[in-house]
Every structure is written in structure tokens, then in C-alpha cells.
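In case you want the letters, here they are:
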Amino acid sequence: MAQAPREQWGSGLGFVLAAVGSAVGLGNMWRFSYVTAENGGAAFVLLYFAMLLFIGLPIMLSEFVVGRASRKSPMQAFQDLADSRWKPLGALFVASGFLILAYYGVIAGWVVRFAGMSLLTGFEGDAGERFMAISTGPDAILFQVLFMGVTIAIVLGGIKKGIERTSLLLMPLLFVLVVGLALYAWTLPGAAEGYRFYFQTDFASILDLSVLSAAAGQAFFSLSLGMGAMLTYASYLGRTDNLPRQSAQIALIDFAVAFIAGLMVFPFIFSFGLQDAVSASTVGALFIAVPQAFAALGTLGQVIGFLFFLALLVGALTSAISLLEVVVSSLIDTLGWTRKKATLLAGGAITLFGLPAAITLDGLSVMDAIAGDVFLVVGSLGIALFVGWRMKDAEDELRRGGLDFGWIPVWRFSLKFIVPPLLLVVLWYSVNNAIGEVRGLFGG
Ligand code: TRP
């Protein structure tokens, strides 16, 4: 069947902001805060930054190179650039996108709910009970469906009119919100306690391999790597973009947002003496402790709370559209479906698949441990091996952006020899963790 010519981004800025939109999400605000709290504060943040530079950036560049060189969705790209033996990697990417969005939509649904609640009723009452009541069951499903509906509507609009326009509009809003909230948090009486916790430097902790693996895992999740989201976005690029510069910009902005989010979350929590809630539950940090802080602030808390959850919602939405786009573009490429058919069917199926996560929190943790962790590491390993060892013109494709510098061979070398062994270590820990989650589910 003859297909319409491939869409393209309207501008380089549009592409960068769409990729930033994919990267900046719940991972920067919700996941980053609790992973940092669990793994030793500032020392962990440093390690995380190192992982971002030495593993995250090379892999992001690899995804960009494969996407731009093939101009295809993941399902088709590996086959076109190599042979059909690499097709399962594309299939893994699509499966990851499908599964991650299934539970991501549920968490985003909570965010919608909390944003609405801030404005309408505020957060009086028992925070833990409220979270349990809202996070699963009919309520969770309703708001998940609502969020997925908006995600589907944007992806229906296509690359330029849907995804790019949304990102150009929403990303600046998100930066303003996060910086503004961090400045506000600075004025709180107990802010210093929060900073002290955030910047405590327990250097002994980062020598632990499980901490290294947590830092690497956080880097993949936060940069949206390992499942073809960046690959797919790059497949809509023109030939002349400077990929190394763009990927550095994306990674730095993503880091900055996470770092600043820490500057807002920790003072919020510590000013109100809520640190126990952070260590007690991973999701708790955001959905239990922070609303308690807003409740203590009275009416002002309702406004601050709304802005906080709005920032989170904006991040979640632009990430969700990238997850959906991976699946949609693969259906368009491989089955020749129209965007409309692909988006409606994929979006609907993913929403249904999220139901287990909306029914029990354990279902959600298991999906996160498997798809959000193991699959991403395997996918990142696959793409590193593909670009390092199999793809022929990887270096030339990078040079096409008009730049040639000494780092390009270093990049290829590290994809061949440095990144894969590191990823194997990370994989070991994430598989063990996933096994633990599954055992927990079955009460073992
Ligand atoms: N990076 C997003 C976040 O931080 C989540 C996300 C979007 C993602 N697309 C992805 C994670 C692709 C892994 C792969 O919230």
C-alpha cells in the first residue's frame, strides 16, 4: 500500500523540546526523589550524573542514529539497517512501550485526581487513607481513562500538529512551575533540613554495586531510553541536525529538572516533619507526604498543591505521548494502518492493559519492575550492541550533523566495550529485584 510521506518536525527546537518532553516526567519528580532518598543523597546524585553522561548519552545518541538513519519505527528500523534477526529487538521496544504506558497512565490518573482535589477540596484528613482509597479501584480507573483519552487525542494530531505543538507549549510552562515552586520551597521555615538531607554525602554508599545499578536504571528511565522512544522521535528528523549537541542539551535539561525538583520536594517534606513517610513507601513520598505538607499550608497550600500537581501532570502527559507514539508508529509502518486507526486501537488496548495496575498496587509494582526496569536495560543493551557492532555507518550518520570531532570514535568504542559489561551488571540487579517483586505478589 502506498504510504503518505513521513512526517517531520517543524524545527530543531521542536524536536529537542519533544524529546525533553519525553524525558521529563514522573521519573524526574516522583522516581528521582525517592531513589535519591533511598540511596544516599548527594553522593547518589553525583553518581547518577556520571551514569547519565557515560551510559545515558551514548545510548541516546545510538537511538538517534538508528532512528534518523532508518527513518522508521523500531519494528522496521533494525531490519532495514541490518537483517531480520534484529527484529525481535524492535518487538521488545514496542512491548515495553505498551506495558510502561499501561501503568504510567494509572499513576498519571492519580496526578489528575490530586490536581483537581487541590483546587476543589484541599488535602485535609488522613493522607495515607486517602491515597489508598484513590490509588486503586473505580476511582483510579476513571482518571486513568481520562488521562489516556487526552494522550490519545494528542497523538492523533500527529508529529507536528500534535506532539510538537504540545511540547512547545507545555515545556516552558513546566520549567516555570518547577523553578517557581523550588523558590517558594526555599522560603519555608524548615527548608534547611530538607537541603541537609538532600545534600548529605554518604560516599561509602556509592561504592555498592546495587547503588550503581539504581543510578543507571534511573538514568535510562528518566532519559526515556531502551525502548525506542528517542529512536522513534529521531526518525522524524531531517538529515542535518547536530545530534551530539541536541542529545547533550536534552540530557542536561532532564538532569536540571530532576535536580530542581529535589530542591522543591525535600524542603516540602522536611518543613513539615514528614520524612518517615518517605522511607516508608516509595510512592508515598509524592502522594502521601507532599499533600500533607499542602494541607498544613491551608488555602495557600491548595494553590501550591495545584501548581505542583499541574507540573507533574504536564511532565506525565508529554512522556505518555512518546510512549504511545512508539507503538503507533510501529503499527503504521508495519501494518500500513492509518494514524487514526493505529492510535485509537493501540491507545484503547493499552488502557485496558493498565487495569491490573489500577486494581492493585502490587500489580503496578510488578509491571514497573519488569517493563520499567528489566526491559529497558535489555533494550539498552540491545541498542548498544547493535550500534557498536552491527550497524555499518553509525559514525558517518553522526557526522552528518555537520560536526566531526574526536569524540565520535570514543563513543563507538564505549558502545562496544564499556557500556555492555556495565549493563550486564545493572541487568543482574534489576532481574533480581523483579524476581523479588513477583515473589512478593504471590506471597512467597
Ligand atoms: N522519561 C519519562 C519519565 O521520566 C518516562 C518515559 C517516557 C519513559 N518514555 C519513556 C521511560 C521511554 C522509559 C522509556 O517519566
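Residues numbered from 1 in each chain as written. Predicted model: local features only at pLDDT ≥ 70, side-chain atom pairs only at ≥ 80, totals over all residues. Heavy atoms only, no water.

**Considerations on the nonpolar core**
Working step 1: If you look at the biggest cluster of nonpolar residues, it comprises 158 residues, and the most contacted ones within it are Met264, Phe268, Phe287, Phe308 and Phe309.
Working step 2: Counting residues per element, this core draws most heavily on helix H5 (residues 87-120), which supplies 19 residues. (Core = buried A, V, L, I, M, F, W, Y, C linked by side-chain atoms within 4.5 Å. Buried < 20%, exposed > 50% of the residue type's maximum accessible area, 1.4 Å probe, protein only. Helix = DSSP H or I, 4+ residues; strand = E, 2+ residues; numbered from the N terminus.)

**With respect to the site of the ligand**
Working step 1: Around the ligand lies a shell of 16 residues, among which Ala23, Gly27, Tyr104, Phe221 and Ser224 are the nearest.
Working step 2: Separating an oxygen atom of the ligand from a backbone N or O atom of leucine 26 is a distance of 3.1 Å.
Working step 3: In this structure, serine 222 approaches the ligand through a main-chain N or O atom, which is 3.1 Å from a nitrogen atom.
Working step 4: For the ligand, whose unbound accessible area comes to 360 Å², protein coverage reaches 100%.
Working step 5: Of all the elements in the fold, those that place two or more residues in the shell around the ligand are helix H1 (12-23), helix H2 (26-38), helix H10 (209-222) and helix H15 (298-335). (Near = heavy atom within 4 Å. Polar contact = N/O pair within 3.5 Å; in protein donor to acceptor, adjacent residues only side chain to side chain. Areas by Shrake-Rupley, 256 points an atom, 1.4 Å probe, with all protein chains shown as cover.)

**Focus: the packing of helix H7 (residues 138-156) against helix H8 (residues 158-186)**
Working step 1: For the pair H7 and H8, the least separation of the axes is 7 Å and the interaxial angle reads 130°. Overall, the two elements H7 and H8 adopt an arrangement that is oblique. Listed contacts from H8 to Ile154, Val155 and Leu156 of H7 are Gly158, Gly162, Ile163 and Thr166.
Working step 2: Broken down by class, the residue content of the contact of H7 with H8 amounts to four nonpolar, three polar and no charged. (Axes fitted to C-alpha atoms, helices over the stretch in contact; angles between N-to-C directions. Parallel < 35°, antiparallel > 145°, perpendicular 65-115°, else oblique. Contact = heavy atoms within 4.5 Å. Nonpolar A, V, L, I, M, F, W, Y, C, P; charged D, E, K, R; others polar.)

**Quick word on the side chain of threonine 151**
Working step 1: Counting through the fold element by element, threonine 151 comes out in helix H7.
Working step 2: We classify threonine 151 as buried; its relative accessible area is 0%.
Working step 3: Dropping the residues within four chain positions of it, threonine 151 is found in contact with Leu317, Ala320, Ile321 and Leu324.

**Overview of H1**
Working step 1: With 12 residues, H1 should cover 16 Å at 1.5 Å per step; its first-to-last C-alpha distance of 16 Å lies within 8% of that length.
Working step 2: For H1, the buried fraction is high: 10 of the 12 residues fall into the buried class.
Working step 3: Looking at H1, one finds that the buried residues are Gly14, Phe15, Val16, Leu17, Ala18, Ala19, Val20, Gly21, Ser22 and Ala23. (Expected span 1.5 Å × (residues − 1).)

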